[in-house]
Amino acid sequence: MELYLDSANVAEVERLARIFPVAGVTTNPSIVAVGKETLWEVLPRLQKAIGEEGTLFAQTMSRDAQGMVEEARRLRDTVPGIVVKIPVTAEGLVAIKQLKKEGITTLGTAVYSASQGLLAALAGAKYVAPYVNRIDAQGGDGIRTVQELQTLLELHAPDTMILAASFKTPRQALDCLLAGCEAITLPLDVAQQMLNIPAVESAIAKFEQDWESAFGQLTL
């Protein structure tokens, strides 16, 4: 599977990339805007943080297909190997089809239904990103949407994979993986929650206490 961090915070990406086996970093306009740095400033720094083998994702801003394609070309020229995120709208599908012809890898983003994700895959997107928690927030079932989309891709577009996004808890991410997702992207706080379990520190402290009582030192 592929594990990504969903952030443009370079310092935090550097810190967590040292800990987690990350495949790369995903960004979106809102995430980049938080840092007050332009995309063109932050992308090289993120690439350095994850290493040359890490994959970056960045999103276009245009609403029309021609603009999306032009922005995707600029992103590709700036960061070779970047995956361009295209919102799955009518114009987005046109852009995904064109970018597929040009050899530019895309991710269909802002996916709120299994049918929407399937259309992006059939248009040529390598990844599709269902918004799990946002689907839940709108009264839907994010995990069920992922399950349905996973089945559809396996049947009709096996070259495309889900890159599940929009999580509030580690449980949501794990349920996506159990549904067969091959990739997920985690906000920094959710990634950190996967390790911050109080019982772990308590168990380690008890090990140290028992060892020290028997041997008087905490080294082997």
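Residues numbered from 1 in each chain as written. Predicted model: local features only at pLDDT ≥ 70, side-chain atom pairs only at ≥ 80, totals over all residues. Heavy atoms only, no water.

Note the threshold: UniProt positions are given in the numbering used here, feature names are shortened, and annotations may be inferred rather than shown by experiment.
The protein chain is annotated in an unreviewed UniProt entry as Fructose-6-phosphate aldolase of Scandinavium hiltneri. Under the Subunit (unreviewed entry) heading, UniProt states for the protein chain: "Homodecamer." Here is the UniProt Function (unreviewed entry) comment for the protein chain, exactly as written: "Catalyzes the reversible formation of fructose 6-phosphate from dihydroxyacetone and D-glyceraldehyde 3-phosphate via an aldolization reaction."

## A closer look at the pairing of strand 6 (residues 127–130)
Along any regular strand the residues' side chains alternate between the sheet's two faces. This is how it is decided: Burial classes: relative accessible area under 20% of the type maximum marks a residue as buried, over 50% as exposed, and values in between as partly exposed (1.4 Å probe, protein chains only). Helical segments are the DSSP runs of H or I of at least four residues, strand segments are the runs of E of at least two, and each set is numbered from the N terminus. Pairing between two strands is assigned when DSSP locates at least 2 bridges connecting them. Think of it like this: strands point away, you trace from the first strand over the helix to the second, and a clockwise trace means the crossover is right-handed.
Going residue by residue along strand 6, you find Tyr 127 and Ala 129 tucked away on one face and Val 128 and Pro 130 tucked away on the opposite face as well. Pairing between strand 5 (residues 106–111) and strand 6: 3 bridges, direction parallel. Looking across to strand 6, one finds that Val 111 is bridged to Pro 130. The parallel pair strand 5 and strand 6, bridged by helix 6 (residues 114–123), forms a crossover whose chirality is right-handed. One ladder, built from 2 bridges, connects strand 6 with strand 7 (residues 161–164); its direction is parallel. Following the sheet pairing, Val 128 is matched in strand 7 by Ile 162.

## Quick look at the layout of surface pockets
Counted only if it meets this: Cavity and pocket criteria rest on a 1 Å grid covering protein atoms alone: a 1.4 Å probe that fits but cannot get out defines a cavity, protein on both sides within 12 Å along at least 5 of 7 lines defines an open pocket, and an atom within 4 Å of a point defines a lining residue. Grid points are joined across faces, edges and corners, and a volume is the space filled by probe spheres set on the points. Note that Gly is not counted as nonpolar here; it falls among the polar residues with everything else outside the nonpolar set of Ala, Val, Leu, Ile, Met, Phe, Trp, Tyr, Cys and Pro and the charged set of Asp, Glu, Lys and Arg.
As a volume, the largest pocket reaches approximately 380 Å³. Together, 21 residues line the largest pocket, and Asp 6, Asn 28, Ile 31, Arg 134 and Ser 166 are the ones closest to its centre. For the lining of the largest pocket, the secondary-structure elements that each account for two or more residues are helix 2 (29–34), strand 5 and helix 7 (132–137). Among the residues forming the lining of the largest pocket, the class breakdown is 9 nonpolar, 8 polar and 4 charged.

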